[in-house]
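Spelled out from the first residue to the last, the chains are:
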Amino acid sequence: LAKTTQPISMDSYEGQEVNITCSHNNIATNDYITWYQQFPSQGPRFIIQGYKTKVTNEVASLFIPADRKSSTLSLPRVSLSDTAVYYCLVVNGTASKLTFGTGTRLQVTL
Amino acid sequence: DTAVSQTPKYLVTQMGNDKSIKCEQNLGHDTMYWYKQDSKKFLKIMFSYNNKELIINETVPNRFSPKSPDKAHLNLHINSLELGDSAVYFCASSGAQGFAGANVLTFGAGSRLTVL
């Protein structure tokens, strides 16, 4: 499975847009890019998945360039409740042996 | 509510004891997992079961024994608990390969095990 690299931590003020970039240089043709969010004392929660270009849902947007070697998770107008760890994963057709890295710890303040 | 539920949420025990953590999912998923998240917050897969059959067994001590009575349940039994077993254990599930959601995990809330 492709290894991912993302910043260890980020800080933001409430109301700002936050972009978290993930590098996955060795992504394979049948791999998808998936992001999870983990709040303290909870299990990770799936937030978005994409293969190429742009994907948007009610929580976030995911931007994937043509070469797919990186991706950017965009959180619009963050609030204090978006403080969490965000994990970028590259997955193929199954969830078997998904490897979670250290994630990006996002701290949102007033 | 459709979910992955695990019990107990907190477990404090002495070294050498044997304990179990139970997990149930009502999502109709075929595959269930146990993950361990240590104090450094690394999340590592331990086991994976597909339709009651073990398909992944990472390098985990034999003291850890998963049991899946049916595809909706995956329990984790730990013998002779050690200090290093203290962690949060997460149960998760995913759908059948080839179907939508097969590569997405749904996690339980976690079971925090503290070994004294």
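The rules behind the values
Residues numbered from 1 in each chain as written. Chains lettered and ligands numbered in written order. Predicted model: local features only at pLDDT ≥ 70, side-chain atom pairs only at ≥ 80, totals over all residues. Heavy atoms only, no water. Helix = DSSP H or I, 4+ residues; strand = E, 2+ residues; numbered from the N terminus. Rg over C-alpha atoms; globule rule 2.2 N^0.38 Å. Contact = heavy atoms within 4.5 Å. Areas by Shrake-Rupley, 256 points an atom, 1.4 Å probe, with all protein chains shown as cover. Lys, Arg positive; Asp, Glu negative; His and termini not counted. Charge placed at Lys NZ, Arg CZ, Asp CG, Glu CD. Disulfide = S-S within 2.5 Å. Pairing = 2+ DSSP bridges. Axes fitted to C-alpha atoms, helices over the stretch in contact; angles between N-to-C directions.

Asks: Tell me about the overall build of chain B, and please be specific about residues and values.
Replies: Secondary structure assignment for chain B yields 0 helices and 11 strands. Of the regular secondary structure in chain B, the N- to C-terminal order runs β-β-β-β-β-β-β-β-β-β-β. Whereas a compact globule of 116 residues would reach a radius of gyration of roughly 13 Å, chain B reaches 14 Å, a difference of no more than 12%. Based on the C-alpha atoms only, the size of chain B along its principal axes is roughly 45 × 25 × 25 Å. Taking contacts inside chain B between residues at least 6 apart in sequence as the whole, the part at least 24 apart equals 55%. When the accessible area of chain B is evaluated, it comes to approximately 5,800 Å², of which 50% is carbon and sulfur surface. Here chain B carries 12 positive and 10 negative side-chain charges, and the mean point of each set is 6 Å from the other.

Asks: Kindly report on the state of the cysteines, identifying the contributing residues and their values.
Replies: Applying the stated criterion to the full structure yields 2 disulfides over all chains. Two residues, C22 of chain A and C88 of chain A, share a disulfide whose sulfurs are 2.1 Å apart. The sign of the -85° torsion about the S-S bond sets the C22 of chain A-C88 of chain A disulfide as left-handed. Of this pair, C22 of chain A sits in strand β2 (residues 18-23) while C88 of chain A sits in strand β8 (residues 84-91), and the two are 66 residues apart along the sequence. The disulfide bridge from C23 of chain B ends at C91 of chain B, spanning 1.8 Å between sulfur atoms. Between C23 of chain B and C91 of chain B the sulfur-sulfur dihedral comes to about -80°; the bridge is accordingly left-handed. Note that C23 of chain B is positioned in strand β3 (residues 19-25) and C91 of chain B in strand β9 (residues 87-94), a separation of 68 residues in sequence.

Asks: Go over the pairing of β3 of chain B with me, naming the residues and quoting the values.
Replies: All names here are of chain B. Both strand β1 (residues 4-7) and β3 contribute to a ladder of 4 bridges, which runs antiparallel. From the neighbouring strand, T7 faces β3, where its bridge partner is K22. Relative to strand β8 (residues 73-78), β3 runs antiparallel, the two sharing 4 bridges. Looking across to β8, one finds that I21 is bridged to L76.

Asks: Report on the sheet that holds β3 of chain B, specifying residues and quantitative values.
Replies: All names here are of chain B. In spatial order, the strands read β1-β3-β8-β7; together these 4 strands make up an open sheet with antiparallel pairing. In this open sheet, the two edge strands, each paired with only one partner strand, are β1 and β7 (64-70). Each neighbouring strand pair of the sheet contributes to a mean axis angle of 20°, computed without reference to strand direction. Inspection of the sheet shows β7 paired to β8 by 5 bridges, in the antiparallel sense. Each residue of the ladder has a partner; that of K67, found in β8, is N75.

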